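# Residue-level structure breakdown
So you can see what is in the structure, the chains are spelled out below.
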Amino acid sequence: MMSKRMAAETYDPRYYVENFDHRKYAEQFYGAGQWNLEQIASSASGFCMKAVNKFISECEKGGGRFLDIATGACLANLMPAATKFDHIYCAEFSPAAREELEKWKAGEPDALDWTTYFKYAANLDGQAENWKAYEALLHKAWVSILPCDLTKDDPFAPEKLAPVDVITESFLLCSIVKDVGDLTDAIRRMAQYLKKGGALILSECVNASFYQVGGRTLYLCNLSEQDYVQALKNNGMEGIEIARASDVNLREDQEFSNIGDDIVVKAVKT
Ligand SMILES: C[S@@+](CC[C@H](N)C(=O)[O-])C[C@H]1O[C@@H](n2cnc3c(N)ncnc32)[C@H](O)[C@@H]1O
């Protein structure tokens, strides 16, 4: 276990644009191309993917359009969506991350290896033998990768996006907001792209103040489960359901952060 370091004091957008190592992040927190199925299943990322998969399956309007915001270089939220949505969009702030996503989308040989995650996604649906179909479906449904700055009121400017049925995000909000008021604003900006009755699914951390990538300490906002619930309610969202990692048996995972717990929260736009 790492020693607890001084937290980074604020969100630094320039670092995400200029220096953030998205491949390293995907290896550290997802074990992309490295972990086996058991390691994924017992990890925080495996927990989040399982909960996202369950919430997506329950969504009433599961046939149409899906958006993941701040995807990074990580396909984990897109995989559960691949079998359920005809049109998949993602959005990301960092040009380097968008490049990594484009590489996978174009089938380039040096793209990150998400094979074992596709197998895990197929396993979650009892479709272990069909994992290659998940990959093919994602290639077919994935429409575009939009530039995005969620600190702006028009985050995809100059692009426009018509409202979608389900939006996911993971570990974006805790990385950029400074308090519950800011969190409320960020959720409002995301929810403007959601159809009425559509679901917002947040994978987030609680009781954390930093994480590390490649030795650099990065800011996390110290938020509680109640803070996320409050910010969703401040936006008039209802039907809130929560899955919490500490309710299941996960291996100890504090090598690169002081994250207290991971939660996945679903809320419906009214
Ligand atoms: C902790 S990473 C999470 C990546 C991925 N969603 C995951 O599940 O691991 C935070 C992501 O937020 C992106 N990001 C940083 N500032 C942002 C902003 N202002 N608007 C949108 N995304 C931003 C970063 O480029 C990075 O990909």
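Residues numbered from 1 in each chain as written. Predicted model: local features only at pLDDT ≥ 70, side-chain atom pairs only at ≥ 80, totals over all residues.

On to the overall build of the protein chain, then. When helices and strands are counted, the protein chain shows 11 helices and nine strands. Taken over C-alpha atoms, the radius of gyration comes to 17 Å for the protein chain, in line with the 18 Å a tight globule of 270 residues would show. C-alpha atoms of the protein chain, sized along the principal axes, occupy 45 × 40 × 40 Å. Here the protein chain, with 270 residues, has 46% of them falling under the buried criterion. Excluding contacts between residues fewer than 6 apart, the proportion of contacts in the protein chain whose partners are at least 24 apart in sequence is 75%. (Helix = DSSP H or I, 4+ residues; strand = E, 2+ residues; numbered from the N terminus. Rg over C-alpha atoms; globule rule 2.2 N^0.38 Å. Buried ≥ 20, exposed ≤ 12 C-beta atoms within 10 Å, placed from the backbone. Contact = placed C-beta atoms within 7 Å.)

Taken together, 21 residues form the shell around the ligand, and within it Ala-70, Gly-72, Phe-93, Leu-150 and Ser-170 come nearest. The residue inventory of the shell around the ligand, partitioned by class, reads 13 nonpolar, six polar and two charged. (Near = placed C-beta within 6 Å. Nonpolar A, V, L, I, M, F, W, Y, C, P; charged D, E, K, R; others polar.)

Moving on, we get to helix H4 (residues 44-58). Residues lying three or four places apart along an α-helix face the same way, a consequence of the helix completing one turn every 3.6 residues. For H4, built from 15 residues, the straight-helix expectation of 21 Å at 1.5 Å per residue is met to within 8% by its first-to-last C-alpha distance of 21 Å. Across the 15 residues of H4, 12 count as buried, placing the element largely inside the fold. Of all the residues in H4, the buried ones are Ala-44, Ser-45, Gly-46, Phe-47, Cys-48, Met-49, Lys-50, Ala-51, Val-52, Asn-53, Phe-55 and Ile-56. (Expected span 1.5 Å × (residues − 1).)

Put simply, Ala-157 and Pro-158 share a cis peptide bond, and its omega is 5 degrees. Counting through the fold element by element, Pro-158 comes out in the loop between strand S3 (142-147) and strand S4 (164-170). Phi at Phe-171 takes a positive value of approximately 60 degrees, unusual for a residue other than glycine. Positive phi values are uncommon outside glycine, yet Asn-207 reaches one of about 55 degrees. With respect to the secondary-structure elements, Asn-207 resides in the loop between strand S5 (194-206) and strand S6 (210-213). With 13 C-beta atoms packed within 10 Å, Asn-207 lands in the partly exposed category.

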